[in-house]
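Listed below are the residues making up each chain.
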Amino acid sequence: MKKSVLNKKLIGKQYPAITYKIKKDMLVSFAKATEQVNPIFFDEQIAKEKGHPTIVAPPTFLTVVTMQQEKPYEYLEKINISLSSVLHAGQEYSYYHPIYAGDEIKMKYKIDDIYDKKNGLITFIAFRSKYINQNNIKVAESVSTLVIR
Amino acid sequence: MMLDDITQFEVGDQLSPLIINKITKKSLKRYARASGDYNPIHLDKDFAQKYGLPNVIVHGMLVMSYLGRMLTNTFPQATIVDFSSQFISMTHINDKLSCAGKIIKKTTDISGNIIYKVQLKVVSDNNEKRIIGKASIIILEN
């Protein structure tokens, strides 16, 4: 039986908040990369005609907030997890308010849980993030779970 | 099944499915640029092979994005309250995927709002589950 590679005392660890401004062209290229067909995700004119103030962020767009940082995997390095040892095991989103081009999103995140399966052979780590827009409205929350191989 | 009126789904109804015919290396490069996720396991074959994989693997979040697309093809973005995925197996280059959703619960609250629970999955053409997921949808009465 292998001992868990992560100290459970890390549960609750907060990271410094990240701020990310959602530019229109980021939404457009994300929509292209995920092959969106609904124009509200890439065409401002049509989005407006459909009653939105501007281009809408699709359901998985918030993943970009962490990834577009200068050192996107620093949050793992800080707790001595190497990128090559992890796989994405699960992703949960709760949505509270629409997210649009031009929004400035502040992301606050922490280690929510660390747990083992199969008698300690596999360790999971879950990060919980809260996303708050420029008007101080909580727009979403997410839990991202990684499995450490 | 395609429904124009999204209030009319019943338990057991399937959402209109979405087929992803082929995921290429180009799809992964494009997703890496758009998302900022340049993890070499998705882009560098040698790196992936060093970790015992036959080739690069597809970003889980790209596959979840396809699933999200299926969901927003039927339900307006603003009606989605929560959406989650468990990544069950790795998605490979050239995989053909089908994204499916089924209504498993429908409730109407005292104000007449409709709440659906939707069971989601992404399956490869060799019938391996890639994602199992779920979503909650609220259609407000107005």
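Computed from a predicted structure; not experimentally measured.

Definitions and limits used
Residues numbered from 1 in each chain as written. Chains lettered and ligands numbered in written order. Predicted model: local features only at pLDDT ≥ 70, side-chain atom pairs only at ≥ 80, totals over all residues. Helix = DSSP H or I, 4+ residues; strand = E, 2+ residues; numbered from the N terminus. Buried ≥ 20, exposed ≤ 12 C-beta atoms within 10 Å, placed from the backbone. Contact = placed C-beta atoms within 7 Å. Core = buried A, V, L, I, M, F, W, Y, C linked by C-beta atoms within 7 Å. Pairing = 2+ DSSP bridges. Axes fitted to C-alpha atoms, helices over the stretch in contact; angles between N-to-C directions. Parallel < 35°, antiparallel > 145°, perpendicular 65-115°, else oblique. Left-handed = near helix turned anticlockwise from the far one by under 90°. Nonpolar A, V, L, I, M, F, W, Y, C, P; charged D, E, K, R; others polar. Arc of directions from axis to C-beta.

Tell me what's going on with the overall build of chain A, and back it up with residues and numbers.
In terms of helices and strands, chain A carries four helices and five strands. In sequence order, chain A lays out its α and β elements as β-α-α-α-α-β-β-β-β. Dimensions of chain A along its principal axes, counting C-alpha atoms only, are 60 × 30 × 25 Å. When burial is assessed residue by residue, chain A has 30% of its 149 residues classed as buried. Once local pairs closer than 6 in sequence are excluded, the contacts in chain A between residues at least 24 apart make up 65%.

Which residues make up the nonpolar core, and what are the values?
One finds Leu27(A), Phe30(A), Val63(B), Tyr66(B) and Leu67(B) to be the most contacted residues of the largest nonpolar core, which totals 57 residues. Looking at this core, the element that brings in the most residues is helix α3 (residues 60-74) of chain B, giving eight residues. Setting aside chain neighbours within four positions, we find Leu67(B) in contact with Ser85(B), Cys99(B), Leu120(B), Val122(B), Ile131(B) and Gly133(B).

Provide a residue-level description of the pairing of strand β2 (residues 80-87) of chain B, including the pertinent values.
Side-chain positions along a regular strand alternate between the two faces of the sheet. Relative to β2(B), strand β2 (residues 86-95) of chain A is paired through five bridges, and the arrangement is antiparallel. Bridge pairing links Tyr93(A) to Phe83(B) in β2(B). Pairing analysis gives seven bridges linking β2(B) to strand β5 (residues 129-139) of chain B, with the strands arranged antiparallel. Each bridged residue has a counterpart across the sheet, and for Ser85(B) the counterpart in β5(B) is Gly133(B).

Let's hear about the interface of chain B and chain A: which residues, and what values?
Across the contact, 30 residues belong to chain B and 27 residues belong to chain A. Looking at the side of chain B that touches chain A, the elements with two or more residues in it are α1 (25-35), α3 and β2 of chain B. Of the residues forming the side of chain B that touches chain A, the biggest block, 10 residues, is contributed by α3(B).

Any chance you could break down the packing of helix α1 (residues 24-33) of chain A against α1(B) for me, citing the residues and the numbers?
In the contact formed by α1(A) and α1(B), the axes pass within 9 Å of each other and the chain directions differ by 155°. Classified by the interaxial angle, the pair formed by α1(A) and α1(B) is roughly antiparallel. Here α1(A) runs over α1(B); the crossing is left-handed. On the side of α1(A), the interface is formed by Ser29(A), Phe30(A), Lys32(A) and Ala33(A), while α1(B) contributes Arg30(B), Tyr31(B), Arg33(B), Ala34(B) and Ser35(B). For the contact of α1(A) with α1(B), the residue count by class is four nonpolar, two polar and three charged.

Before we move on, can you summarise the sheet that holds β2(A) with the specific residues and values?
The pairing of strands in a sheet happens through backbone hydrogen bonds and is either parallel or antiparallel. If you walk across this open sheet you meet the 10 strands as β1(A)-β3(A)-β4(A)-β5(A)-β2(A)-β2(B)-β5(B)-β4(B)-β3(B)-β1(B), and the pairing is antiparallel. The sheet is open, and its two edges are formed by β1 (18-21) of chain A together with β1 (18-20) of chain B, each paired on a single side. For this sheet, the mean angle separating the axes of adjacent strands, direction not counted, is 20°. Pairing of strand β4 (residues 114-124) of chain B with β5(B), which is carried by 10 bridges, proceeds in the antiparallel orientation.

So, the environment of Lys129(B): which residues are in play, and what are the values?
Residues and elements named next belong to chain B. Looking at where Lys129 falls in the secondary structure, it is placed in strand β5. Residues Lys129 and Phe87, spaced 42 residues apart in sequence, show a C-alpha to C-alpha distance of 8.7 Å. Apart from the residues within four sequence positions on either side, Lys129 is in contact with Ile88, Ser89, Lys121 and Val123.

Talk me through α1(A); I want residue IDs and the actual numbers.
When α1(A) is considered as a whole, its buried residues turn out to be Met26(A), Leu27(A), Phe30(A), Ala31(A) and Ala33(A). Seen along its axis, α1(A) keeps its buried residues to an arc of 165°; they face one direction. Structurally, α1(A) contributes buried residues whose contacts are with α3 (63-67) of chain A together with α1 of chain B.

If you had to explain unusual backbone geometry to someone new, which residues and values would you point to?
One non-glycine residue, Glu35(A), lies in the positive phi region at around 55°. Considering the arrangement of structural elements, one finds Glu35(A) in the loop between α1 and α2 (44-49). Here Asn94(B), not a glycine, exhibits a phi torsion of approximately 70°, which is positive. Considering the arrangement of structural elements, one finds Asn94(B) in the loop between β2 and β3 (97-108).

Could you give an account of α1(B), naming the residues involved and the relevant values?
Of all the positions in α1(B), only Leu28(B), Tyr31(B), Ala34(B) and Ser35(B) are classed as buried. Projected down its long axis, α1(B) carries its buried residues within an arc of 130°, all on one side. For α1(B), the secondary structure elements touched by its buried residues are α1 and α3 of chain A together with α3 of chain B.

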